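# Overview (structure and organization)
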Number of protein chains: 2
Amino acid sequence: MKFTIQRDKFVQSVQHVSKAISSRTTIPILTGVKIEASDEGVTLTGSDSDISIESFIPKEEEDNQLVDIEQEGSIVLQARFFADIVKKLPGDTIEVVVSDQFVTRLTSGSSVFNLNGLDPEEYPRLPEIEEENVFKMPKDLLKSIIRQTAFAVSTVETRPILTGIHWSVEEGNLTCTATDSHRLAMRHAQVETNSGELTFSNVVIPGKSLTELNKILDDTDDWIDIIVTDNQILFKSTNLLFFSRLLDGNYPATKNMIPSSSKTSVTLNAKQLLASIERALLLSREGKNNVVNVKTMENQVLEITSVTPEVGKVTESVETLNYSGEELRISFNGKNLIDALKVIESTDITIDFTGAMSPFVMKPADQDHMLHLFSPVRTY
Amino acid sequence: MKFTIQRDKFVQSVQHVSKAISSRTTIPILTGVKIEASDEGVTLTGSDSDISIESFIPKEEEDNQLVDIEQEGSIVLQARFFADIVKKLPGDTIEVVVSDQFVTRLTSGSSVFNLNGLDPEEYPRLPEIEEENVFKMPKDLLKSIIRQTAFAVSTVETRPILTGIHWSVEEGNLTCTATDSHRLAMRHAQVETNSGELTFSNVVIPGKSLTELNKILDDTDDWIDIIVTDNQILFKSTNLLFFSRLLDGNYPATKNMIPSSSKTSVTLNAKQLLASIERALLLSREGKNNVVNVKTMENQVLEITSVTPEVGKVTESVETLNYSGEELRISFNGKNLIDALKVIESTDITIDFTGAMSPFVMKPADQDHMLHLFSPVRTY
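On a predicted model such as this, the values are computed, not experimentally measured, just so you know.

Here we take up the domain arrangement of chain A. Residue and element names in this part refer to chain A. Each domain of chain A was delimited in the assignment, giving domain 1 (2-122), domain 2 (135-226 + 245-255) and domain 3 (260-374). Relative placement of domain 1 and domain 2: their C-alpha centres are 31 Å apart. Between domain 1 and domain 2, the contact holds six residues from the first and six residues from the second. Across the domain 1 to domain 2 interface the summed buried area is about 610 Å²; carbon plus sulfur atoms make up 59%. At the boundary of domain 1 with domain 2, the tally comes to two salt bridges. Here domain 1 is connected to domain 2 by one residue pair in polar contact (both at pLDDT 80 or more). For the side of domain 1 that touches domain 2, the per-class residue count stands at two nonpolar, one polar and three charged.

The following block contains the structure:
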């Protein structure tokens, strides 16, 4: 194998595929980046067997030559060294030459690296995916959806299915749900399908996979294709393939958990509420339960309090923009509310309570595409 | 005690004195910030008994009222909570009221914190310093001096005196020296003294103290007074006092360690050399010795190489701007050279070698105020 490549393109591709590579893998070959030079360009692959990422650098792009291929071939190079090296090489281009015994020479400007490579024949093949169930959406919408749900997945392995995000599609409407059984985030979005009849549910994508995908996707409104099979999902955009395995098992039915009625409804400025809860939790860094108490006051004011006996007490007053229904005292995990408030992009939010011991719902005041559900905490 | 204070001034002062406060102290009262309101303003104090910092907020500054004092007094509040709280309070001002049992109420905007304080009578007194041996220099010069020497102190406690920086003054010339016995950094600077006869040596300031001081000082050419006593040094600028204890013991004589002759002399671009050594060390992250090998080549080129057997080999070529003397092969700790190159502000540097097994000197090519000395490493 022998080729010369634009350094900045190579750096970007290596960074993308590195997102899939874990140094803790038990399969030695997967600590490497696979590099393959063909007549069309250079393909990089990284994988931890849960996630696989393939990035392609074409020979030419918009009349610029990106790669000059002298000899086709492939090699696997240690990712942790390789990513740093290409980033720090001094020249605008890098020459890559593989000789006997997988020894690979990288030359750029005044710098020459000779690296011990690994046998590319040992590298596992990527899953083959039939493009039957395809739908698509703009990348920036996908990024929002991930950001607005992934934070709510469970981080403990006691119920592995809850470490994933549940996706379902019905009549062109995608619903994404994440819950750790104390709080739940749900997001709806319109997607384009290749046939009007595309319907699926119980597709559960590891939260970690989507978080990694979000780091790679650029925030543009270019479209991304999404293909679902029995045990894999593939995200496909220009020169980039992102595969993730799906989680096995049945995701809990969440629809019935969401209360449809309301006994107390308040509308608040989201930023004000966020700042107040953050301050209320300042003294409870030690106590890990993060409990805050909310009480409706006269004059349409919510009082938020938090007590840490050895340290002190915080009292916050938040004016409501709208208040209706019964008086209320309720306690809940303030940290969960903070997480949700940080992903809601609307100025104002509405919270619907159905009593001190029942779950309550927070939504953007002006939109219906997102919903956050929280369990209260018993404090006596 | 009762006063109302501008929040931004309070935040800054709290951040300054917090630099001295360690949560790992064995003296409980020192985990707190001491706050004292007098007729002139508010004084904050933080200390870990090695370093003590006092920050003063005057009642008025340039016709702005900063503090409104209703009742004098003092209190000690837990630093880790207090610093976060003042930063996040919502109002432009904060009212501080101490009531019975040291309970302290902070009120700002819609937010009220009630904190359990500590008895200010238990707080230790700051050292009393006689202002005999005083000299001064601009703050930005002091910051440079610290940055250009502190990195070279020893971080191991086997020879405690080497964790400090040695300062001496003679005829208005300050010399600062730091060494960990493998490398040495020396910096000279002119200072102003209150009497022409101020002379001292064997003043050894803990490297950590100076590093903390550097975080607080703003990068202006305002003057700072420095007062040295037998066991303390005091840095004194407007509204800020910074005390540090001095290290006991005799600092090693370093003057004789510096070779005065040279067998091989090279001048190089500092940035190019830095980048080359950084790349040469990319493969040796595991091997902790960070050894690089340098060889003089024909055509006035230095070849820098580094080998990590299981991973590979790096070869870097650096063109010299000037080369004279004997051919040379030498090995040394590349990380030490990187540290020094990062604090040299000149474009070009000169290195004077006196043979493969002798210490060598690196200096800015155009200035004589700074010197870095390195021991070679035996590689056979």
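From this point on, the discussion continues.
Turning to the pairing of strand 12 (residues 133-138) of chain B, a few remarks are in order. Residue and element names in this part refer to chain B. Note: strand 12 against strand 18 (residues 223-228), six bridges, orientation antiparallel. Its bridge partner being in strand 18, Lys 136 is matched across the sheet by Asp 225. In terms of strand pairing, strand 12 meets strand 16 (residues 192-193) through two bridges, oriented antiparallel. Opposite Lys 136, over in strand 16, you have Glu 192 as the bridge partner.

What follows is about the environment of A:Asn333. All names here are of chain A. Relative to the elements of secondary structure, Asn 333 occurs in strand 26 (residues 329-333). For the pair formed by Asn 333 and Val 291, sequence separation is 42 residues and the distance between their alpha carbons is 4.6 Å. When neighbours within four sequence positions are excluded, Asn 333 is seen to be in contact with Asn 289, Asn 290 and Val 377. There is a polar contact of 2.8 Å between the side chain of Asn 333 and the backbone nitrogen of Lys 335. Within the structure, the side chain of Asn 333 is placed 3.1 Å from the backbone nitrogen of Asn 336, a separation counted as a polar contact.

The two copies are related by a screw operation: chain B maps onto chain A through 180° of rotation and 0.0 Å of translation along the axis, at an RMSD of 0.0 Å. Overall, the copies show the geometry of a two-fold rotation axis. Ranked by how close their C-alpha atoms come to the rotation axis, the residues of chain B are headed by B:Lys215, at 16 Å. Same-surface contact between copies: 100% of interface residues of chain B are shared with the interface of chain A.

The subject of this paragraph is the interface of chain B and chain A. Every contact between the two is made by 28 residues of chain B and, on the other side, 28 residues of chain A. Between chain B and chain A the total buried area reaches about 2,700 Å² when both faces are included, carbon and sulfur atoms providing 50% of it. Along the contact surface separating chain B from chain A lie zero salt bridges. Across the contact surface, chain B and chain A share 18 residue pairs in polar contact (both at pLDDT 80 or more). Where the side of chain B that touches chain A is concerned, the elements lending two or more residues are helix 2 (79-88), strand 11 (111-116) and strand 24 (312-319) of chain B. Among the residues making up the side of chain B that touches chain A, the classes are represented as twelve nonpolar, seven polar and nine charged. One ladder, built from five bridges, connects strand 24 (residues 312-319) of chain A with strand 11 of chain B; its direction is antiparallel. By the bridge assignment, A:Gly312 is partnered in strand 11 of chain B with B:Leu115.

The rules behind these values
- Residues numbered from 1 in each chain as written.
- Chains lettered and ligands numbered in written order.
- Predicted model: local features only at pLDDT ≥ 70, side-chain atom pairs only at ≥ 80, totals over all residues.
- Heavy atoms only, no water.
- Domains from an automatic or database assignment.
- Contact = heavy atoms within 4.5 Å.
- Buried area = accessible area lost by both parts, 1.4 Å probe.
- Salt bridge = Lys/Arg side-chain N within 4 Å of Asp/Glu carboxyl O.
- Polar contact = N/O pair within 3.5 Å; in protein donor to acceptor, adjacent residues only side chain to side chain.
- Nonpolar A, V, L, I, M, F, W, Y, C, P; charged D, E, K, R; others polar.
- Pairing = 2+ DSSP bridges.
- Helix = DSSP H or I, 4+ residues; strand = E, 2+ residues; numbered from the N terminus.
- Least-squares fit on C-alpha atoms with pLDDT ≥ 70 in both.

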